[in-house]
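Fold and contact review
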Amino acid sequence: MLFFILISFVIIQRLAEVAIAKRNEKRMLAQGAYEVGATHYPYMVTMHVCFFISLIVEVIFFNRSISPLFPIFLVFFLFVQLLRVWCLAALGSFWNTKIIILPDANVVKSGPYTFIRHPNYVVVCLEIILLPLMFQAYFTAVAFTLLNLAMLSVRIPTEEKALREATNYEDKFKKKISAS
């Protein structure tokens, strides 16, 4: 029961984020923005959908139980959710699931972006590890952590290149560490 409550919460959260991203995308495109990395985006979406399918299948069909470390993982997960909200709030209308570039925009360097370049990617990495670990779904944790790292090895350089070429990204972040 706890698994279904938590997984439902996260899936509903993702669907709400997709709606926010679509709204932000429309607004930015109307201001002259353009998309970068469109070729890898469907693979990223597929990976995230497959993550949830794998997690659900592993927990239900392999009868995984709640981890003895569940309370610790849950506290970390809740902290990660706060970090997610902080990322979305800091980026505001610039936040998106796609790489949408608004030429000559001032890059956001507030909130968690004060400390690292890609905190939202850190959030996703932590969620992909924490959710399965809460329910001892070790295959899903390992497999999708590796798949996500492979995806980010393409996505982050694509995003940074586009930001360097079209915005003040280089000036804002030349001394900040990358999450990659």
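An account of the accompanying structure is given in this report. (Residues numbered from 1 in each chain as written. Predicted model: local features only at pLDDT ≥ 70, side-chain atom pairs only at ≥ 80, totals over all residues. Heavy atoms only, no water.)

**Regarding the overall build of the protein**
Regarding its fold elements, the protein presents six helices and two strands. Each helix and strand of the protein, placed in order from N terminus to C terminus, yields the pattern α-β-α-α-β-α-α-α. Once the C-alpha set of the protein is aligned to its principal axes, its extents read approximately 50 × 30 × 25 Å. Within the protein, buried positions represent 48% of all 180 residues. Expressed as a percentage of contacts within the protein between residues at least 6 apart in sequence, the contacts between residues at least 24 apart total 86%. (Helix = DSSP H or I, 4+ residues; strand = E, 2+ residues; numbered from the N terminus. Buried < 20%, exposed > 50% of the residue type's maximum accessible area, 1.4 Å probe, protein only. Contact = heavy atoms within 4.5 Å.)

**Brief notes about a nonpolar patch on the surface**
On the surface, a nonpolar cluster with roughly 750 Å² of combined accessible area is contributed by F4, V45, V49, I53, V57, I60, F61 and F62. The element contributing the most residues to the nonpolar patch is helix α2 (residues 41-61), with six residues. Here V45 shows up in helix α2. Residue V45 is classed as partly exposed on the basis of its relative accessible area of 34%. (Patch = residues over 30% accessible without salt bridge, like charges linked within 9 Å, V, L, I, M, F, W, Y side chains within 5 Å. Areas by Shrake-Rupley, 256 points an atom, 1.4 Å probe, with all protein chains shown as cover. Salt bridge = Lys/Arg side-chain N within 4 Å of Asp/Glu carboxyl O.)

**Topic: the side chain of Q13**
Locating Q13 in the fold gives a position in helix α1 (residues 2-30). For Q13, a relative accessible area of 14% gives the class buried. Setting aside residues no more than four positions away along its own chain, Q13 makes contact with Q81, R84 and E127.

**Side note on the layout of surface pockets**
Here the largest pocket is characterised by a volume of approximately 1100 Å³. As for the largest pocket, its lining consists of 46 residues, of which W95, N96, T97, N120 and R155 are closest to the centre. Elements represented by at least two residues in the lining of the largest pocket include exactly α1, α2, α3 (70-91), β2 (99-101), α4 (119-134), α5 (138-166) and α6 (169-173). Per element, the largest residue contribution to the lining of the largest pocket is seven residues, and it comes from α2. Each residue belonging to the lining of the largest pocket can be placed in one class, and the counts come to 30 nonpolar, eight polar and eight charged. (1 Å grid on protein atoms, 1.4 Å probe; cavity = no way out; pocket = protein on both sides within 12 Å on 5 of 7 lines; lining within 4 Å. Points joined across faces, edges and corners; volume = space filled by probe spheres on them. Nonpolar A, V, L, I, M, F, W, Y, C, P; charged D, E, K, R; others polar.)

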